[in-house]
Amino acid sequence: MQPLRGVTVVSLEQAIAAPYASRQLADLGARVIKVERPGVGDFARSYDSRVRGLSSHFVWVNRNKESLTLDIKDPRGMAVLRRLLDGADVFIQNLAPGAAERAGLGAEALRERDPRMIVCDVSGYGSPGPYETSKAYDLLVQSEAGLVSVTGTPEEAAKVGISVSDIAAGMYAYSSVLAALLERGRTGVGTHIDVSMLESTVEWMGFPMYYAYDGAEPPPRAGAAHATIYPYGPFTAGDGKVVMMAVQNEREWRSFCERFLARPELADHPDYATNADRNAHRDALGGIVSGRFAELSSDAVMALLDEIPVANARVNTVDEVWQHPQLEARGRWHEVTTPAGPVRATAPPGLTDPAPRMDPVPALGEHTRPILGELGMAGDEIDDLVADGVA
């Protein structure tokens, strides 16, 4: 019995941000009807073909959903969508800027029709404002939000290796819908949620923005190391393997000097006595720490750090994550069906009771006929819509 059972979500979605939000709702038991273009579908379906011929992006964010194909530019398709919305609790969309309003699917119009409706708009920059009509893709928003400027090496900036701005917007849309459902349970009234990728990413930029408050210098780009805490980052052991380690406070620093470096006098050295001192002299201190790492194998390094204890981690490849022993021990691996056969998938974080919902990733238009039938449409009427490319 999933907590969102009985909640119906209709989503005009594409790419990652909105589909990621609706998948979280589906994982909790909501019925999510994904409206896609006939014959083409969500363009994320064709990003790549790495999952047995299917797109890695699409498989990731679209389990537990039903796929309905509709051409909403055709009046017959729009009429079907409106009938579908009449029975929905939540409408999510991340169409091009202004497209929903032009189609008569803006929040004001939908909520005038049904005050209980929760309307969630996900966009790049939000509205109003000078950027409201700008196209927004993850890398562009990472750049506008300042994230690229603090990521990478001193020589070259870099994007985050995952679509973090899409994910941030998706998670804020998800949590906002949950809050809106709670509030509607109290008042009987829905609401309009407006989530932008820019604002979501800027929220996650809190540390570097405050670090650079009032025009101060921003944290430097430090590669895989922490920009302002030291030693905190990658060091290469004698066997050539990289180990991540993190000294977080003065107690750990003193123990690290005594038990790992075997140089207790460094704990009180004026160049290293506080984190600010260590960060200011990271080149010299890095030479000392790296020299000690080079004397030991990676296994020996991690065993010794564990004994102190000082936090440490392997730098796993993506392939190694599929075999991660902690995920295996906690039973996080499940299986979902796709049009190309079953694939492994991680269970939704945090949800253990009831058992996670792990229903299939839909084929394009897989549920079109059943959903139209639910709306009371006869078989020949559905046949006509399909033949005309409307469904």
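Preceding block: the structure.
Computed from a prediction, not measured in an experiment: that's the story for all the values here. (Residues numbered from 1 in each chain as written. Predicted model: local features only at pLDDT ≥ 70, side-chain atom pairs only at ≥ 80, totals over all residues. Heavy atoms only, no water.)

S.K.: I keep staring at helix H3 (residues 75–86) and nothing clicks. Help me out?
M.R.: What sets the pattern is the α-helix's 3.6 residues per turn: residues three or four places apart point alike. With 12 residues, H3 should cover 16 Å at 1.5 Å per step; its first-to-last C-alpha distance of 17 Å lies within 8% of that length. Within the span of H3, buried status applies to Gly77, Met78, Val80, Leu81, Leu84 and Leu85. Within H3, the buried residues cover an arc of 155 degrees as seen down the axis, which keeps them to one side. Two or three places before Arg76, at the start of H3, stands the capping residue Asp74, its side-chain oxygen 2.8 Å from that residue's backbone nitrogen. (Helix = DSSP H or I, 4+ residues; strand = E, 2+ residues; numbered from the N terminus. Expected span 1.5 Å × (residues − 1). Buried < 20%, exposed > 50% of the residue type's maximum accessible area, 1.4 Å probe, protein only. Arc of directions from axis to C-beta. Polar contact = N/O pair within 3.5 Å; in protein donor to acceptor, adjacent residues only side chain to side chain.)

S.K.: I keep staring at the packing of aromatic side chains and nothing clicks. Help me out?
M.R.: Ring pairs (aromatic) are described by centroid distance and by the angle formed between their planes. One pass over the full model with this rule turns up 12 aromatic pairs. Each ring, one from Tyr172 and one from Trp204, has its centre 6.5 Å from the other, and the planes form 55 degrees; the classification is tilted. You can see Tyr172 sitting in helix H7 (residues 164–187) and its partner Trp204 sitting in helix H8 (residues 197–204), a full 32 residues away along the chain. Of the residues examined, Tyr172 reaches a relative accessible area of 30% and is grouped as partly exposed. (Phe/Tyr/Trp six-rings, centres within 6.5 Å; stacked < 30°, edge-to-face > 60°.)

S.K.: In this structure, what is going on with the packing of H7 against H8? I would like to understand it.
M.R.: For any two helices packed against each other, the geometry is given by the interaxial angle and the distance between the axes. For the pair H7 and H8, interaxial distance at closest approach is 8 Å and the crossing angle is 100 degrees. Classified by the angle between their axes, H7 and H8 sit roughly perpendicular to one another. Contact residues: Val164, Ser165, Asp166, Ala168, Ala169 and Tyr172 in H7; Met197, Ser200, Thr201, Glu203 and Trp204 in H8. Along the lines of polarity and charge, the residues of the contact of H7 with H8 split into six nonpolar, three polar and two charged. (Axes fitted to C-alpha atoms, helices over the stretch in contact; angles between N-to-C directions. Parallel < 35°, antiparallel > 145°, perpendicular 65-115°, else oblique. Contact = heavy atoms within 4.5 Å. Nonpolar A, V, L, I, M, F, W, Y, C, P; charged D, E, K, R; others polar.)

S.K.: Help me out: how do you make sense of the sheet that holds strand S9 (residues 311–314) in this one?
M.R.: Taken together, the three strands give an open sheet; going across it, the order is S7-S8-S9, and neighbouring strands pair in antiparallel fashion. The open sheet terminates on both sides in strands that have one partner only, identified here as strand S7 (232–236) and S9. Sheet twist, expressed as the mean angle between neighbouring strand axes with direction ignored, is 25 degrees. Strand direction decides the pairing type here: strand S8 (residues 242–246) and S9, joined by four bridges, are antiparallel. Looking at S9, one finds that Ala246 is bridged to Ala311. Relative to the sheet, helix H12 (residues 282–294) contacts S7 and S8, its axis offset from that of S7 by approximately 45 degrees. (Pairing = 2+ DSSP bridges.)

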